[in-house]
Amino acid sequence: MNSNARYTATAVVLHWLVAMGLIVTFCVGLYMVSLERSPTKLLIVNWHRSAGITVLALALARLLWRFGRRPPPDVPMPAWQAKGAQVLHGLLYLLMLAVPLLGWAMSSAKGRPVVWFDLVTLPNWLPKDKALGHQLEELHGMLSWVLVALVACHVVAALKHHFIDKDGLLGRMRLGRPV
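Residues numbered from 1 in each chain as written. Predicted model: local features only at pLDDT ≥ 70, side-chain atom pairs only at ≥ 80, totals over all residues. Heavy atoms only, no water.

Caption draft 1: Looking closely at the packing of aromatic side chains. Considering all chains together, one arrives at 4 aromatic pairs under this definition. Pairing F26 with W145 gives two aromatic rings, centres 4.9 Å apart and planes at 85°, and the pair type is edge-to-face. Remark: W145 occurs in helix α4 (residues 130-165) and F26 occurs in helix α1 (residues 9-32); sequence separation between them is 119 residues. Judged by centre distance (5.3 Å) and plane angle (75°), the rings of W116 and F117 are edge-to-face. For W116, a relative accessible area of 30% corresponds to the partly exposed category. Judged by its relative accessible area of 34%, F117 is partly exposed. Through successive ring pairs, a cluster of aromatic residues spans W47, W116 and F117. We note R62 situated over the ring of Y7; from NZ or CZ to the ring centre the distance is 5.7 Å. (Phe/Tyr/Trp six-rings, centres within 6.5 Å; stacked < 30°, edge-to-face > 60°. Helix = DSSP H or I, 4+ residues; strand = E, 2+ residues; numbered from the N terminus. Buried < 20%, exposed > 50% of the residue type's maximum accessible area, 1.4 Å probe, protein only. Lys NZ or Arg CZ within 6 Å of the ring centre and 35° of its normal.)

Okay, structure coming up:
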């Protein structure tokens, strides 16, 4: 595989930062919902909000970078797989933006400020409405699980291309120098 068939270094770094951010943010979110109300839970919830906003910013940066650059050509695959990959990537981007935005909206509706790592207070963009906040909380949680399922599909597809098809697709997003 030549280096022209790879994503740019910036795209690769943003991809893996978003991936790690999603995993950590989801795991922290899953853990925090099991906690009783306490100062520790408040600290973890605030960290989860900050991490979610960071994932949102990184996903936006990745999307903007992608719009400005042509990706490497697709590896040969059946048309249905290419279309499936296109749909999956679109849904991933949609949910990488929607899930943190819903979390932010939920916090706004519940009257709880989002303070990014104790440095910047983000504006509330919905009026305080506890009922709406609870609905947004349900939607945020449900779509988080959908996002996890889509990420799992993405990983399984990448591993299939690597171990079964052996078509070099996974190498396009590999960290480090081209091989």
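Caption draft 2: A look at the nonpolar core. If you look at the biggest cluster of nonpolar residues, it comprises 25 residues, and the most contacted ones within it are M96 and L147. Mapped onto this core, the elements with two or more residues apiece are α1, α2 (39-68), α3 (79-109) and α4. Considering each element in turn, this core owes the most residues, 12 residues, to α3. Not counting residues within four places of it along the chain, the set of residues in contact with M96 comprises V18, L22, L56, A59 and L147. (Core = buried A, V, L, I, M, F, W, Y, C linked by side-chain atoms within 4.5 Å. Contact = heavy atoms within 4.5 Å.)

Caption draft 3: Expanded view of the pattern of salt bridges. This model, assessed by the stated rule, comprises 2 salt bridges. The residue E137 makes a salt bridge to K110 at a minimum N-O spacing of 2.6 Å. Of this pair, E137 sits in helix α4 while K110 sits in the loop between α3 and β1 (114-116), and the two are 27 residues apart along the sequence. A relative accessible area of 35% places E137 in the partly exposed class. Judged by relative accessible area, which is 7%, K110 ranks as buried. When the shortest N-O distance is used, the salt bridge between D165 and K160 registers 2.5 Å. (Salt bridge = Lys/Arg side-chain N within 4 Å of Asp/Glu carboxyl O.)

Caption draft 4: Geometry of a nonpolar patch on the surface. Together, V13, W16, L17, M20, I23, V24, W47, F117, L119, V120 and L175 make up an exposed nonpolar region whose accessible area comes to about 990 Å². In terms of residue count, the dominant contributor to the nonpolar patch is α1 (6 residues). Tracing the sequence through the fold places L17 in helix α1. (Patch = residues over 30% accessible without salt bridge, like charges linked within 9 Å, V, L, I, M, F, W, Y side chains within 5 Å. Areas by Shrake-Rupley, 256 points an atom, 1.4 Å probe, with all protein chains shown as cover.)

Caption draft 5: Representation of the environment of V99. With respect to the element layout, V99 can be found in helix α3. On the basis of relative accessibility, which here comes to 7%, the residue V99 falls in the buried class. Sequence separation between V99 and L136 is 37 residues; the distance between their C-alpha atoms is 10.0 Å. In this view, V99 contacts H140, L143, S144 and L147; residues no more than four positions away in its chain are not counted.

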